[in-house]
Amino acid sequence: MNPEEKFAPLRKGLLEFAILKVISGPAVYAADILARLQGTDFATQEGTLYPLLSRLRRDELVDYEWQESQAGPPRKYYRLTDKGRAHLDALQTYWRGLNTTLDSLGH
Amino acid sequence: MERVVTINLNGNAWQLDEAAYDALRAYLGAAVAGLKDNPDSAEIISDLEQAIADKCGVVLGPRKSVVSASEMQSILKEMGPVTDSQNFAEDAAPQPKSAVDVEKRLYRLRQGAWFAGVCSGLGAFFKVDPTVVRVVFVLAAVLTQGAALLVYLVMMFVVPSAETSEEWAAAHGLPFNAQEIIDTAKKRFAEVAENQNRAWSRSQRAPKREAKVNAFVSPVQQPATGYGTRMFAGVVASICALVEAVLGLATIFAVWSLFTTGAVLGVEAPDAWPVWGTVIAVVAASIFVSWPFRAARRASFAALGYNAASSEAAYGFFSFIFTVGGLWYAYQYWPAARDVLEPIWLWIKAILAPGGF
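Report follows, based on the coordinates. (Residues numbered from 1 in each chain as written. Chains lettered and ligands numbered in written order. Predicted model: local features only at pLDDT ≥ 70, side-chain atom pairs only at ≥ 80, totals over all residues. Heavy atoms only, no water.)

Residues and elements named next belong to chain B. The end-to-end C-alpha separation of helix H5 (residues 130-143) is 20 Å, in line with the 20 Å expected for 14 residues at 1.5 Å each. Within the span of H5, buried status applies to Val133, Arg134, Phe137 and Ala141. Along the axis of H5, the buried positions cluster into a sector of 100°, meaning they face one direction only. What points out from H5, more than 90 degrees from its buried face, is the exposed set Leu139, Val142 and Leu143. The elements touched by buried residues of H5 are helix H4 (118-126) and helix H6 (147-158). (Helix = DSSP H or I, 4+ residues; strand = E, 2+ residues; numbered from the N terminus. Expected span 1.5 Å × (residues − 1). Buried < 20%, exposed > 50% of the residue type's maximum accessible area, 1.4 Å probe, protein only. Arc of directions from axis to C-beta. Contact = heavy atoms within 4.5 Å.)

What follows is the structure, given as structure tokens:
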């Protein structure tokens, strides 16, 4: 097993984190998110992203607004809600805590 | 020559060749099935359609207006399988999510059907060639003096027809897996294409016949109601249709007997009533009594996904068969009915005969 496959569950679990991180910047639409993750360990596809975005919106962590685009139909631009920002902050703090713990476990 | 299918993806019209269309339909069918417990399913599907539409736009240009099967394959590969994030946390371990096991079920298959697809469905269910089933049915119909035809009629109403890719797979007892469906669709497409080639060379010889190349189809089927519900609706619809037809026949009989004998089954109309008044009362009573059955039948047809026009057509057909069958049966075995029907039959014959007027 190469590391790619071995750590797939880990990456899958962290995908939501990564997506929240991408959305925390200026408002983005789905293709931006995919492009941003492309080439990273969190590269993903529409088939996975859309259901995930819809769940994040249902959990009121993100919200979108329609914006006209120069080419084609209007797009959904996503941004974090206040709740989403708080959630991301908590997640980041927790993640750093985990890192510290893991670092301190081995000598 | 290849058939081109025009589809509506989230409000945009696109042209796909038929194999591309089958692949897309299978993908969206799998997406709908995968998201069936998701409350935002419709919105996600429309987002997915939009993304596919955007990708189609990239492969098409001013000189290219049709998306090919291989292009569609790579677009769908780019999209990736639709995974419901609902159970993201629980199933962190990677597992093949595409194969959803479906129970093998009896459906009517309209594809390749001669009539209502009952035999095709039975063939798929028992894994035999539908032609064999048809032959058996015809033999059974002859041996049972037509009772098997009644069985066919009942099944036509009670057995739901396979509308989605998922149901199509269930009808064949195949695991519902998008790739498998695509493969089967391709195989079927190859057969269809071959037949069409033959048909095409025939049509070349035939004088000026217009080939229908564009079919407007919606790629996403409405999420079908459950098998049980549709079966129940089929039973209710056919029972109601039967009751309505019986009531209709009884009304005709009552009116006939009022005019000829002034009584219905020995019960005379009140003396004070004129015959026409009694007839109106009988007809009104019949309409009143059959009204709830008609309402139930319409509701059942609506639950089966038929629109008003085709459900009326189906009902008309069913009641026609029933009426003709009923009259024929009465004529054969019921002397009283025979006495009533004989003059009508002679009268029709006299009119139809040359110089009858």
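Further remarks concern the packing of helix H2 (residues 41-59) of chain B against helix H3 (residues 69-79) of chain B. All names here are of chain B. At their nearest, the axes of H2 and H3 sit 10 Å apart, and the two run at 135° to each other. Judged by the inter-axis angle, H2 sits oblique to H3. Here the hand of the crossing between H2 and H3 comes out right-handed. Across the interface between the two elements, Leu48, Ala51, Ile52, Lys55, Cys56 and Val59 from H2 touch Glu71, Met72, Ile75, Leu76, Glu78 and Met79 from H3. (Axes fitted to C-alpha atoms, helices over the stretch in contact; angles between N-to-C directions. Parallel < 35°, antiparallel > 145°, perpendicular 65-115°, else oblique. Left-handed = near helix turned anticlockwise from the far one by under 90°.)

Further remarks concern the nonpolar core. Among the nonpolar cores identified, the biggest contains 51 residues, and A:Ile19, A:Ile23, A:Ile33, B:Leu24, B:Leu48, B:Ile52 and B:Met72 are the most heavily contacted of them. By residue number, the principal contributor to this core is helix H2 (residues 8-23) of chain A, which donates eight residues. In this view, A:Ile33 contacts A:Ile19, A:Val22, A:Ile23, A:Val28, A:Leu49 and A:Leu53; residues no more than four positions away in its chain are not counted. (Core = buried A, V, L, I, M, F, W, Y, C linked by side-chain atoms within 4.5 Å.)

A full pass over the atoms with the stated rule returns 12 salt bridges over all chains. The residue B:Glu244 makes a salt bridge to B:Arg297 at a minimum N-O spacing of 2.6 Å. Remark: B:Arg297 occurs in helix H10 (residues 275-303) and B:Glu244 occurs in helix H9 (residues 227-261); sequence separation between them is 53 residues. Both residues of the pair, B:Glu244 and B:Arg297, count as buried. Through salt bridges with shared partners, a single network forms among A:Arg57, A:Lys76, B:Glu43 and B:Asp47. (Salt bridge = Lys/Arg side-chain N within 4 Å of Asp/Glu carboxyl O.)

As a further point, take the sheet that holds strand S3 (residues 75-80) of chain A. Residue and element names in this part refer to chain A. Read across the open sheet, the three strands follow the order S1-S3-S2; overall the sheet is antiparallel. Of all strands in the sheet, those bounded by a partner on one side alone are strand S1 (28-29) and strand S2 (62-67). As defined by bridge partners, S1 adjoins S3 across two bridges and the pair is classed as antiparallel. Within S3, the position partnered with Tyr29 by the bridge is Tyr77. Packed onto the sheet, H2 meets S1, S2 and S3 and runs at close to 100° relative to S3. (Pairing = 2+ DSSP bridges.)

On to the pairing of strand S1 (residues 4-9) of chain B, then. Residue and element names in this part refer to chain B. The element S1 is largely enclosed, with a buried count of five among its six residues. In this sheet, strand S2 (residues 12-17) lies alongside S1 in antiparallel orientation, the contact comprising six bridges. Counterpart to Ile7 in the pairing with S2 is Trp14. Here S1 folds back onto S2 in antiparallel fashion, the turn holding two residues, of which Asn10 has a positive phi close to 50°.

Moving on: the interface of chain B and chain A. Taken residue by residue, the interface counts 27 residues in chain B and 18 residues in chain A. Both sides together, the interface formed by chain B and chain A hides about 1,900 Å², and carbon and sulfur atoms give 51% of it. In this assembly, chain B and chain A are joined by five salt bridges. The partner of B:Asp47 in a salt bridge is A:Lys76, and the shortest N-O contact between them spans 2.9 Å. Remark: the boundary between chain B and chain A carries 11 residue pairs in polar contact (both at pLDDT 80 or more). For the side of chain B that touches chain A, the elements supplying multiple residues, two or more each, are H2 and H3 of chain B. No other element matches H2(B), which puts seven residues into the side of chain B that touches chain A. For the side of chain B that touches chain A, the per-class residue count stands at 13 nonpolar, six polar and eight charged. (Buried area = accessible area lost by both parts, 1.4 Å probe. Polar contact = N/O pair within 3.5 Å; in protein donor to acceptor, adjacent residues only side chain to side chain. Nonpolar A, V, L, I, M, F, W, Y, C, P; charged D, E, K, R; others polar.)

Moving on, we come to helix H11 (residues 308-333) of chain B. Residue and element names in this part refer to chain B. The end-to-end C-alpha separation of H11 is 37 Å, in line with the 38 Å expected for 26 residues at 1.5 Å each. Of all the positions in H11, only Ser311, Tyr315, Phe318, Ser319, Ala330 and Tyr331 are classed as buried. Looking at the buried positions of H11, the neighbouring elements they touch are H6, H9, H10 and helix H12 (335-352).

Take the packing of aromatic side chains next. All names here are of chain B. Summed over the entire model, instances satisfying the criterion amount to seven aromatic pairs over all chains. Centroid distance Phe115 to Tyr152: 6.0 Å. Interplanar angle 40°. Geometry classified as tilted. Of this pair, Phe115 sits in the loop between H3 and H4 while Tyr152 is found in helix H6, placing the two residues 37 residues apart along the sequence. Using a relative accessible area of 52% as the deciding quantity, one classes Phe115 as exposed. By relative accessible area, Tyr152 is classed as buried at 12%. Residues Phe125 and Phe126 carry aromatic rings whose centres are separated by 5.1 Å and whose planes lie at 90° to one another, so their mutual orientation is edge-to-face. Looking at Phe125, the relative accessible area reads 26%, which means it is partly exposed. Judged by its relative accessible area of 54%, Phe126 falls in the exposed class. (Phe/Tyr/Trp six-rings, centres within 6.5 Å; stacked < 30°, edge-to-face > 60°.)

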